[in-house]
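Chain residues, written in single-letter form:
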Amino acid sequence: MFIPVSVILIPTFNHYNRIFLYLIDSVWFSIVKVGSALEELLVVDSVWKRFGDKVVLKDVSLVVHSGEVVGLLGPNGAGKTTLLRIISGVLKPDQGTVSIKGFNPIDSRARKLIGFCPQEPGLIPDLTGFENMLFYARLQGLDGKSVVNRIKELSGIVSLTDDIDRLVRKYSGGMKKKLGLAITLIHDPEILILDEPTTGMDPGVRREVWRIIEEERKRGKGILIATHYMEEADALSDRVYIIDQGRIIASGSPEELKSKYGPTAVITIEFYRQPRDLGDVLRKTGLKYIVDGDIVRIHSSDPDRDVPRIVALIHGAGGTIRSLKVVKPTLEDVFLRLTGRRIE
Amino acid sequence: MKWCRIKAFIVSGIKTTFREKSAVFWIFIWPIILTLMVAYVFIPPSAGQPVTLDLGVVNLDHSESPFNGTIFIDVLKEIEYNGTKLFNVKIYDNETKLVDDLRKGRLDAGIVIPNGFGENITYAQAKLVVYVSGNSIYSIQINRAIMSEFLHFFSINVGLKKIEMTMKYMNMSYVPANMTTQASWGNKSFIEFLEEYFKGLVLPVNSTIIEETPEALSNRPSIVGWYVLGALGMMMLYSGFLVGAAAVVEEKERGSLERILSTPASEIDMLIGKTVSGLIVLTLSSIAIIVTGVFAAGARITWNPF
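This report concerns the structure included in the present document. (Residues numbered from 1 in each chain as written. Chains lettered and ligands numbered in written order. Predicted model: local features only at pLDDT ≥ 70, side-chain atom pairs only at ≥ 80, totals over all residues. Heavy atoms only, no water.)

## What to know about the overall build of chain B
Then step 1. Within chain B one finds ten helices and six strands.
Then step 2. Counting all 306 residues of chain B, 36% fall into the buried class.
Then step 3. In chain B, the share of contacts with a sequence separation of at least 24, taken over all contacts with a separation of at least 6, comes to 73%.
Then step 4. Carbon together with sulfur atoms contributes 62% to the accessible area of chain B, which is approximately 19000 Å² in total. (Helix = DSSP H or I, 4+ residues; strand = E, 2+ residues; numbered from the N terminus. Buried < 20%, exposed > 50% of the residue type's maximum accessible area, 1.4 Å probe, protein only. Contact = heavy atoms within 4.5 Å. Areas by Shrake-Rupley, 256 points an atom, 1.4 Å probe, with all protein chains shown as cover.)

## Examining the pattern of salt bridges
Pairing between side chains of opposite charge can happen when the charged atoms of each approach one another.
Residues and elements named next belong to chain A.
Then step 1. Within this structure, the stated rule accounts for 37 salt bridges over all chains.
Then step 2. In this structure, R217 engages E214 in a salt bridge whose closest nitrogen and oxygen atoms are separated by 2.9 Å. Placement of both R217 and E214 in helix α8 (residues 203–218) is noted, with a separation of three residues, approximately one turn of the helix.
Then step 3. Here R219 makes a salt bridge to E216, at a shortest N to O gap of 3.3 Å.
Then step 4. Taking the relative accessible area as the measure of exposure, E216 reaches 8% and is therefore buried.
Then step 5. Each of D188, E216, R219 and K221 takes part in salt bridges that share partners, so that together they form one network. (Salt bridge = Lys/Arg side-chain N within 4 Å of Asp/Glu carboxyl O.)

## Here we look at the nonpolar core
Then step 1. The biggest cluster of nonpolar side chains holds 43 residues, and the ones touching the most others in it are M133, F135, L139, L179, L194 and I213 of chain A.
Then step 2. Listed by contribution, the elements that provide at least two residues to this core are α5 (129–139), α6 (145–157), α7 (173–184), β6 (191–195), α8 and β7 (222–227) of chain A together with α1 (3–19) and α9 (256–262) of chain B.
Then step 3. Here this core gets six residues from one element, more than from any other, and that element is α5 of chain A.
Then step 4. Residues L62, L83, I86 and I100 of chain A belong to the second largest nonpolar core, which totals 30 residues. (Core = buried A, V, L, I, M, F, W, Y, C linked by side-chain atoms within 4.5 Å.)

## So, the sheet that holds strand β12 (residues 295–300) of chain A
Residue and element names in this part refer to chain A.
Then step 1. Judged by pairing direction, the sheet is antiparallel, and its four strands sit side by side in the order β11-β12-β10-β13 without closing on themselves. Each end of this open sheet is capped by a strand with a single partner; those strands are β11 (288–292) and β13 (320–327). Strand-to-strand, the axes of this sheet are offset by a mean angle of 20°, without reference to chain direction.
Then step 2. Pairing of β11 with β12 involves five bridges; the strand directions are antiparallel. Opposite Y289, over in β12, you have I298 as the bridge partner.
Then step 3. Against the sheet, helix α11 (residues 278–285) touches β10 (265–273), β11 and β12, its axis set at about 155° to β11.
Then step 4. Strands in contact with helix α12 (residues 303–316) are β10, β12 and β13; relative to β10, the strand with the most contacts, it is inclined by about 20°. (Pairing = 2+ DSSP bridges. Axes fitted to C-alpha atoms, helices over the stretch in contact; angles between N-to-C directions.)

## Points about helix α7 (residues 190–202) of chain B
Residue and element names in this part refer to chain B.
Then step 1. In a regular helix each residue adds 1.5 Å, so 13 residues correspond to 18 Å; α7 covers 19 Å between its end C-alpha atoms and thus fits that length.
Then step 2. When α7 is considered as a whole, its buried residues turn out to be F190, I191 and L194. Across the axial projection of α7, the buried residues extend over an arc of 95°, all falling on one side.
Then step 3. Residues of α7 that are buried make contact with α6 (137–169). (Expected span 1.5 Å × (residues − 1). Arc of directions from axis to C-beta.)

## Here we look at the environment of R217 of chain A
All names here are of chain A.
Then step 1. Residue classification places R217 among the partly exposed residues on the basis of a relative accessible area of 22%.
Then step 2. Sequence spacing of R217 and E190 is 27 residues, and the spatial spacing of their C-alpha atoms is 9.9 Å.
Then step 3. With residues up to four places along the chain from it excluded, the contact list for R217 reads G67, E68, V69, I223 and D238.

## Section: the interface of chain A and chain B
Then step 1. Contacts between the two partners involve 33 residues from chain A and, on the opposite side, 23 residues from chain B.
Then step 2. Where chain A abuts chain B, roughly 2500 Å² becomes buried across the two surfaces, and 58% of that area is made up of carbon and sulfur atoms.
Then step 3. Taken together, the links from chain A to chain B amount to four salt bridges.
Then step 4. For the salt bridge of E131 of chain A with K15 of chain B, the shortest nitrogen-to-oxygen distance reads 3.1 Å.
Then step 5. At the surface where chain A touches chain B, the tally comes to twelve residue pairs in polar contact (both at pLDDT 80 or more).
Then step 6. Put simply, the parts of the chain that give the side of chain A that touches chain B at least two residues each are α4 (108–113), β5 (114–117), α5 and α7 of chain A.
Then step 7. Of all the elements, α5 of chain A adds the most residues to the side of chain A that touches chain B, at five residues. (Buried area = accessible area lost by both parts, 1.4 Å probe. Polar contact = N/O pair within 3.5 Å; in protein donor to acceptor, adjacent residues only side chain to side chain.)

## Here's the deal with the sheet that holds strand β2 (residues 54–65) of chain A
All names here are of chain A.
Then step 1. The three strands are arranged β2-β1-β4 in an open sheet whose pairing can be described as antiparallel. This sheet does not close on itself; its edge strands, each paired only once, are β2 and β4 (95–100). Geometrically, the sheet is characterised by an average inter-axis angle of 15° between neighbouring strands, direction not taken into account.
Then step 2. Here strand β1 (residues 40–51) runs beside β4; their pairing, made up of five bridges, is antiparallel.

## A short note on the packing of α6 of chain B against α7 of chain B
Describing two packed helices takes the angle between their axes plus the distance from one axis to the other.
All names here are of chain B.
Then step 1. At a minimum axis separation of 10 Å, α6 and α7 run at an interaxial angle of 160°. Of the possible angle classes, the one that applies to α6 and α7 is roughly antiparallel. Crossing angle aside, the handedness with which α6 passes α7 is right-handed. Across the interface between the two elements, I156, G159, L160, I163 and M167 of α6 pack against I191, L194, E195, F198, K199 and V202 of α7.
Then step 2. Here the contact of α6 with α7 is built from residues that sort into eight nonpolar, one polar and two charged. (Parallel < 35°, antiparallel > 145°, perpendicular 65-115°, else oblique. Left-handed = near helix turned anticlockwise from the far one by under 90°. Nonpolar A, V, L, I, M, F, W, Y, C, P; charged D, E, K, R; others polar.)

## Here's the deal with the pairing of strand β8 (residues 239–244) of chain A
All names here are of chain A.
Then step 1. Most of β8 is tucked away, with six of its six residues classed as buried.
Then step 2. Residues R239, Y241 and I243 line one face of β8 and the alternating positions V240, I242 and D244 line the opposite face, and both faces are buried.
Then step 3. Both strand β3 (residues 69–73) and β8 contribute to a ladder of four bridges, which runs parallel. Following the sheet pairing, L72 is matched in β8 by Y241.
Then step 4. Pairing geometry for β8 and strand β9 (residues 247–252), over five bridges, is antiparallel. Paired with I242 across the bridge in β9 is A250.

## Describing the side chain of S286 of chain B
All names here are of chain B.
Then step 1. Within the element layout of this structure, S286 appears in helix α10 (residues 267–296).
Then step 2. Judged by its relative accessible area of 12%, S286 falls in the buried class.
Then step 3. Reaching out from S286, the side chain makes a polar contact with the backbone oxygen of L282 at a distance of 2.8 Å.

## Section: the side chain of K80 of chain A
Then step 1. By the element assignment, K80 of chain A lies in helix α3 (residues 80–87).
Then step 2. When neighbours within four sequence positions are excluded, K80 of chain A is seen to be in contact with L72, L73, G74, P75, E196, A226, T227, H228 and I243 of chain A.

Keep in mind these values describe shape, not function.
The following block contains the structure:
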């Protein structure tokens, strides 16, 4: 509404030029901001950390851009929590650097940019949910009426509005986790660092948390999630770093990792009526296959592309399919392939 | 350092303290109990009070004279020092029982009044057997001093009384002729002179003893006062533990320390905030202690900073 008015007024009132230019500028900057979605928010560069004789982190490097969810996947004791503590400025690295938009994590300017949610929610049980949020808001340097509104807004987002004035002591585990997440968001940080955000949650609440994380991502936040849940990393992350025994052993998008390290997908087909020449049809697909009576198993590296093709070939040869099942590789398989162990 | 962050620690510290139901007990009730215990249990009721001796008396006197053993016992029962009875008198049938109780520590002192005590005190020199005992060499010394001072005082008063009686019975006309103009009598009569002279025999030196009590006298209210200040010190010590060590351990356990450390709040903010909230709670406890001490236990607290 405002822009057209100012545009109309330019010829007559000269001083409106400035407002006009300001508006143009702000529009321009927001375009630039949206355009450069791959701003590097967090850069971890060859970080080492020892506790006594034990080397917990070995030459760990990672990057989190704005508007992406990065999963840090690894078994318990892989060094995930230590890495997150170093990023949050709770611990200092022995070697290497962490940069949060160019600031050292110990710098209070960096601390304002990050929201750290430790694995233990870090709540004060004798305060209400509201008071807990107010406490951490004040630690962020926020106070006054605007904070109260922000708390109300956030308690709505994590659906704790009805319980916000109850003592945290009486909260369930899932409610505590959600409140912890809301506290992490209180100062609207640009980087979210979440340590096992859904551990011990029932599936419904987990979905809810995933939805919140997804929304924050859409708002251009950079999010780093440490998890040992394969499906969580798979469902949420744009990119995944797989960490084992303090070392990053693989990275990339879940799809990339699966196609690079995972086994091929298996397409299992059962027939009502086999096509006229099954062997010929299967040879035409150009894929590895095994025939086991009425059941055929075909190995495919890209089942999304291959399934329609195979179905078309079978139909073309006059076959009728009773059932078709695709077993795709998971990140679990990737981890198994990389380390020779299961993650849990 | 920012006020907003310090305020966060102060407010949350005080709120969590009072949310805990036992807090009211530890902050108000326990200090009051402690103070009352100090005043009525740790300090025995006799502390700082004048001594009362447990005195056993065996009266073997059957004299018919105006002053006898029975009247002497009444004197023992009545005698006071600074408003407190000096003796708690217990009558015994015979000396054996008295000595037995002295040995068992049930008595501080014992007096055996022999037969003829009344007649002797009137017409001659009376005799008494006095036992002195006590729980320690120190208390035996004190008990002995008290007994001997009392008997000395009693003896002198009896002596002066006897002089008075003697003067009443003395023939007023009996004055030796060659003694009427002695210069040393001054303008007194011979009788007056004689009375003064006898008094001098009984009590050659009449000294006046004045008790001057020091400001920091260790009487009961002062002792309670010192203990009340001690209770304050104890509260400070323990709340120091609570605020300092326990609070940080607790934060560590529930993971809030990690979260706090990841915020822009500094350790100084946390230290100041927690100390101030601890001090506020401590002040409330101190008020409870002082009010109870002064108004319920009767403590006398002297403020003397120099």
